[in-house]
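What the coordinates show
As a plain string of letters, each chain reads:
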Amino acid sequence: MFGKQRFLGFAICMVAGITCTLLSLIVFSNPIKFGITFTLGNLLSLGSTAFIIGPKQQVLLMLVMLHPARLYATAIYLASIIFVLFSALYVHNKLLTLLAIILEIGVYARGGKKPYNSIMFSPYCCCHNLEFCPETYL
């Protein structure tokens, strides 16, 4: 993909993610709809970075997220996403979905925000190859 196409894909995916996240506030009173739209917004926002850095670097970045220093935060964040979708789509329990949403937002708001956050917006990520020592970004 060319630079313009990558940026366009990133922008579309990121705007869709932000839109889903903002639309989730409209259905906040219904935890099941809120959980689905909020989680979809998070997944779209995370996926948008693949357009900027490419699929190979995205896989390398995911491997960095499995580094022991970040493993717990990444695992809890991914588990919270799965928990929200499971409780909203399969169980259909509003209380359980609400608890899962609180967990997801709590992990999201915690220090590192999204698991990729501290790496994705660094100048190194956008300008160089990501074959690096994971300790660089811990």
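Scope of this entry: the structure provided in the associated data block. These numbers come from a predicted model, not from an experiment.

Brief notes about the environment of Ala 16
Assignment of secondary structure puts Ala 16 in helix H1 (residues 3-26). The class for Ala 16 is partly exposed, based on a relative accessible area of 27%. Once the C-alpha coordinates of Ala 16 and Ser 48 are considered, the two residues, 32 residues apart in sequence, prove to be 9.4 Å apart.

A word on the packing of aromatic side chains
Per the stated rule, a full pass over the model turns up four aromatic pairs. Here the aromatic rings of Phe 7 and Phe 10 are separated by 6.3 Å at their centres, their planes lie at 40°, and the arrangement is tilted. Pair noted here: Phe 7 and Phe 10 are both in helix H1, with a separation of three residues, about one helical turn. Considering the side-chain rings of Phe 34 and Phe 38, the 5.5 Å spacing of their centres and the 20° angle between planes classify their relative orientation as stacked. With Phe 34 and Phe 38 both in helix H2 (residues 31-53), this residue pair falls four residues apart, about one helical turn. Taken as a pair, Phe 34 and Phe 38 share a single burial class, namely buried.

Some points on a nonpolar patch on the surface
Together, Val 59, Met 62, Leu 63, Leu 66 and Leu 71 make up a nonpolar patch on the protein surface, roughly 440 Å² of accessible area in all. Positionally, Val 59 belongs in helix H3 (residues 55-65).

Description of the nonpolar core
Membership of the largest hydrophobic core is limited to five residues, which are Phe 34, Phe 38, Val 84, Ala 100 and Ile 101. If you list the elements that add at least two residues to this core, you get H2 and helix H5 (94-109). Once residues lying within four places of it in the same chain are set aside, the contact partners of Val 84 are Gly 35, Thr 39, Ala 100, Ile 101 and Glu 104.

Points about H2
Given a rise of 1.5 Å per residue, 23 residues ought to cover 33 Å, and the 34 Å separating the end C-alpha atoms of H2 matches this to within 8%. Directly beyond the C-terminal end of H2, a positive phi value near 90° is found at Gly 54.

Quick word on the packing of H2 against H5
Between H2 and H5, the least distance of the axes is 9 Å, while the angle of their chain directions is 30°. In terms of their interaxial angle, H2 and H5 are classed as roughly parallel. The element H2 and its partner H5 pack so that their crossing is left-handed. Every residue of H5 that contacts H2 at Pro 31, Ile 32, Phe 34, Gly 35, Phe 38, Thr 39 and Asn 42 is listed here: Lys 94, Thr 97, Leu 98, Ile 101, Glu 104, Ile 105 and Tyr 108. Across the contact of H2 with H5, the residue classes break down as eight nonpolar, four polar and two charged.

Basis of the calculations
- For every chain, the first residue of the written sequence is number 1, and numbering continues from 1 onward in sequence order.
- Confidence filtering applies because this is a predicted model: local features only for residues at pLDDT of at least 70, side-chain atom pairs given and counted only at 80 or more, and all residues used for totals across whole chains, interfaces and linings.
- By convention in this description, side-chain values take in all heavy atoms of the structure and omit both hydrogens and water.
- Only DSSP runs of H or I with at least four residues qualify as helices, and only runs of E with at least two residues qualify as strands; both kinds are numbered from the N terminus onward.
- For each residue, the accessible area found with a 1.4 Å probe, counting protein chains only, is set against the maximum for its type, and the residue is called buried under 20%, exposed over 50%, and partly exposed in between.
- Stacked, edge-to-face and tilted labels apply to pairs of Phe, Tyr and Trp rings (six-membered ring for Trp) whose centres lie within 6.5 Å, assigned for plane angles under 30 degrees, over 60, and everything in between, in that order.
- Each patch is built from residues lacking any salt bridge and having more than 30% relative accessible area; the joining distance is 9 Å for like charges and 5 Å for nonpolar side chains (Val, Leu, Ile, Met, Phe, Trp, Tyr).
- Accessible areas in this description were obtained via Shrake-Rupley with a 1.4 Å probe; residue shielding takes into account the shown protein chains only.
- Salt bridge, as used here: a side-chain nitrogen of Lys or Arg that lies within 4 Å of a carboxyl oxygen of Asp or Glu.
- Here, nonpolar core refers to any group of buried Ala, Val, Leu, Ile, Met, Phe, Trp, Tyr and Cys residues whose side-chain atoms link them within 4.5 Å.
- Residue contacts are counted whenever heavy atoms from the two residues lie within 4.5 Å of one another.
- By this rule, a helix spans an expected 1.5 Å times one less than how many residues it contains.
- The axes used here are C-alpha line fits, helices contributing only the stretch in contact, and every angle between their N-to-C directions lies in the interval 0 to 180 degrees.
- Any angle that falls under 35 degrees is termed roughly parallel, while one over 145 is termed roughly antiparallel, one within 65 to 115 roughly perpendicular, and all others oblique.
- Less than a right angle of anticlockwise turn of the near helix away from the far helix marks a crossing as left-handed, whereas a clockwise turn marks it as right-handed.
- Charged residues are taken to be Asp, Glu, Lys and Arg, nonpolar residues to be Ala, Val, Leu, Ile, Met, Phe, Trp, Tyr, Cys and Pro, and polar residues to be all remaining types, Gly included.

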